[in-house]
Amino acid sequence: HLVKIGTTLSPTHPVNIALKEVFEPQIEERTNGKFNVEIYDSAQLGGEKQLYDYTRSGIIELTALGTVMWNEVPMMATPDFPFVFRNVEHARKVYQGEIGEEIAQNLESQEPLQFLSWHPNGARVFSSSEPINSVADFKGKKMRMPNNPIHVRVAEALGANVVIMDMGEVFTALEQGVADGQDNSMSTFRQEGWYEVQDYVYETNHMVSSIELLSSNEFWDTLTDEEKEIFEEVALETSDRSWDLYEKSIDEDREFLKENGLTVVQPTTEDQAKLVEAMDPVYHWLYKKYDWAEDMIKRIRAVK
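Residues numbered from 1 in each chain as written. Predicted model: local features only at pLDDT ≥ 70, side-chain atom pairs only at ≥ 80, totals over all residues. Heavy atoms only, no water.

1. Re the overall build of the protein chain
Here comes step 1: On a plain count of helices and strands, the protein chain comes out with 12 helices and 10 strands.
Here comes step 2: Its C-alpha atoms give the protein chain a radius of gyration of 19 Å, within 12% of the compact-globule value 19 Å for 304 residues.
Here comes step 3: Taken along the three principal axes of its C-alpha coordinates, the protein chain extends 55 × 40 × 30 Å.
Here comes step 4: Here the protein chain holds 304 residues, and the buried ones make up 53% of them.
Here comes step 5: Contacts in the protein chain between residues at least 24 apart in sequence constitute 74% of all its contacts with a sequence separation of at least 6.
Here comes step 6: As presented, the protein chain carries roughly 13200 Å² of accessible surface, and 46% of it is formed by carbon and sulfur atoms. (Helix = DSSP H or I, 4+ residues; strand = E, 2+ residues; numbered from the N terminus. Rg over C-alpha atoms; globule rule 2.2 N^0.38 Å. Buried < 20%, exposed > 50% of the residue type's maximum accessible area, 1.4 Å probe, protein only. Contact = heavy atoms within 4.5 Å. Areas by Shrake-Rupley, 256 points an atom, 1.4 Å probe, with all protein chains shown as cover.)

Here is the structure:
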């Protein structure tokens, strides 16, 4: 049985490495070769929205993708709530713990999908052409943000002017000064070559976004109980591998940027508190929009 996994991620992304090194060989081995896993990376089978729809409708068996479904499944917007995670370790604990399980069940209750495991998509940081070392430094800066209401409000709450554009346009916009900066994970920043046209990184980790490994119910329902158990176990092992790889890559990416002449600043405890405080209008908006958000944020913050 062919099991196709579609992702938009590059082959060097921790999630794709983990799928290749753990998921593929383990599924094949533990099911005695009954399943042949094939990974289609770099959007070979389509963009995230297409992959999501293909998996929902059973055209492909599995997908590993970001939170494109937050419109249909509001709780999947949680990974984009700003500064709810203290750091990457905290985020990993939350995702792999009972809150992650609860969000997964919420998705499963609404969609024809099986939620297999949470993976890292990266901690978002800000880059700019001029130094940003505090909340005050965002004032009036033209920041490129993705077309997502939470992200846009975060930049506005920091006092920046928002420029919305697609990923493909960012390099030229930064180079020509159409945008002064942007936010993404350091790994994306490195892969996209933006370090060639930016000098400063403010390592805010304001969102630790996720990738979800999902199976279509159509495929899931063809599995025996024993096979389901194998898929679930292997998915969790794959999650562990991708988080380990990602945590290691953060230091490597930071070093790479410094070697390429960038200044990387980590907020002090005091500045971190000011950044969180600046998010008040964003939180109020989220609490109004989602009746479960306030309780969710409290519980995430309580995870030690």
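2. Points about the layout of surface pockets
Empty space among the atoms becomes apparent when a probe as large as a water molecule is rolled across them.
Here comes step 1: Looking at the largest pocket, its volume works out to about 1100 Å³.
Here comes step 2: Every residue lining the largest pocket is counted, 33 residues in all, and those nearest its centre are Glu48, Asn121, Arg124, Met167 and Asn184.
Here comes step 3: Broken down by secondary-structure element, the contributors of at least two residues to the lining of the largest pocket are helix H2 (48–56), strand E4 (113–128), strand E7 (181–185), helix H7 (186–191) and strand E9 (208–216).
Here comes step 4: Taken together, the residues that form the lining of the largest pocket break down as 8 nonpolar, 18 polar and 7 charged. (1 Å grid on protein atoms, 1.4 Å probe; cavity = no way out; pocket = protein on both sides within 12 Å on 5 of 7 lines; lining within 4 Å. Points joined across faces, edges and corners; volume = space filled by probe spheres on them. Nonpolar A, V, L, I, M, F, W, Y, C, P; charged D, E, K, R; others polar.)

3. What about a negative patch on the surface?
Here comes step 1: Residues Glu101, Asp225, Glu226, Glu229 and Glu232 make up a contiguous surface patch of negative charge.
Here comes step 2: Considering the arrangement of structural elements, one finds Glu229 in helix H9 (residues 225–259). (Patch = residues over 30% accessible without salt bridge, like charges linked within 9 Å, V, L, I, M, F, W, Y side chains within 5 Å. Salt bridge = Lys/Arg side-chain N within 4 Å of Asp/Glu carboxyl O. Lys, Arg positive; Asp, Glu negative; His and termini not counted. Charge placed at Lys NZ, Arg CZ, Asp CG, Glu CD.)

4. Examining the pattern of salt bridges
Here comes step 1: Enumeration according to the criterion identifies 24 salt bridges in this entry.
Here comes step 2: Linking Glu72 and Arg56 is a salt bridge whose minimum nitrogen-to-oxygen distance equals 3.5 Å. Of this pair, Glu72 sits in the loop between strand E3 (62–65) and helix H3 (88–96) while Arg56 sits in helix H2, placing them 16 residues apart in sequence.
Here comes step 3: Among the charged side chains, a network of salt bridges with common partners joins Lys49, Asp53, Arg56, Glu72 and Glu111.

5. Observations regarding the packing of H3 against H9
Here comes step 1: Here H3 crosses H9 at 170 degrees, and the two axes come no closer than 11 Å. Relative to H9, H3 is oriented roughly antiparallel. On H9, the residues that touch Val88, Glu89, Arg92, Tyr95 and Gln96 of H3 are Ser239, Asp240, Trp243, Asp244, Tyr246, Glu247 and Ile250.
Here comes step 2: For the contact of H3 with H9, the class distribution of residues is 5 nonpolar, 2 polar and 5 charged. (Axes fitted to C-alpha atoms, helices over the stretch in contact; angles between N-to-C directions. Parallel < 35°, antiparallel > 145°, perpendicular 65-115°, else oblique.)

6. Quick word on helix H11 (residues 280–289)
Here comes step 1: Val282, Tyr283, Trp285 and Leu286 are the residues of H11 that are buried. The arc that holds every buried residue of H11, seen down its axis, measures 160 degrees, which confines them to one face. Exposed residues pointing more than 90 degrees away from the buried face of H11 are listed as His284 and Lys288. (Arc of directions from axis to C-beta.)

7. Describing the packing of aromatic side chains
Here comes step 1: Within the structure shown, the criterion is met by 17 aromatic pairs.
Here comes step 2: Both rings, one in Phe138 and one in Tyr202, keep their centres 6.2 Å apart while their planes meet at 50 degrees; by these two values the pair is tilted. Of this pair, Phe138 sits in the loop between E4 and strand E5 (142–145) while Tyr202 sits in strand E8 (residues 200–202), and the two are 64 residues apart along the sequence.
Here comes step 3: What makes Tyr202 buried here is its relative accessible area of 1%.
Here comes step 4: Taking 6.4 Å as the distance between ring centres and 65 degrees as the angle between the ring planes, the aromatic pair formed by Phe189 and Trp194 counts as edge-to-face.
Here comes step 5: Looking at Phe189, the relative accessible area reads 2%, which means it is buried.
Here comes step 6: Linked through ring pairs, Phe23, Phe35, Phe219, Trp220 and Phe231 together constitute an aromatic cluster.
Here comes step 7: Here Arg153 stacks its cationic end above the ring of Trp285, 3.9 Å away from the centre of that ring.
Here comes step 8: Taking the ring centre of Phe256 as reference, the NZ or CZ of Arg190 above it sits at 3.9 Å. (Phe/Tyr/Trp six-rings, centres within 6.5 Å; stacked < 30°, edge-to-face > 60°. Lys NZ or Arg CZ within 6 Å of the ring centre and 35° of its normal.)

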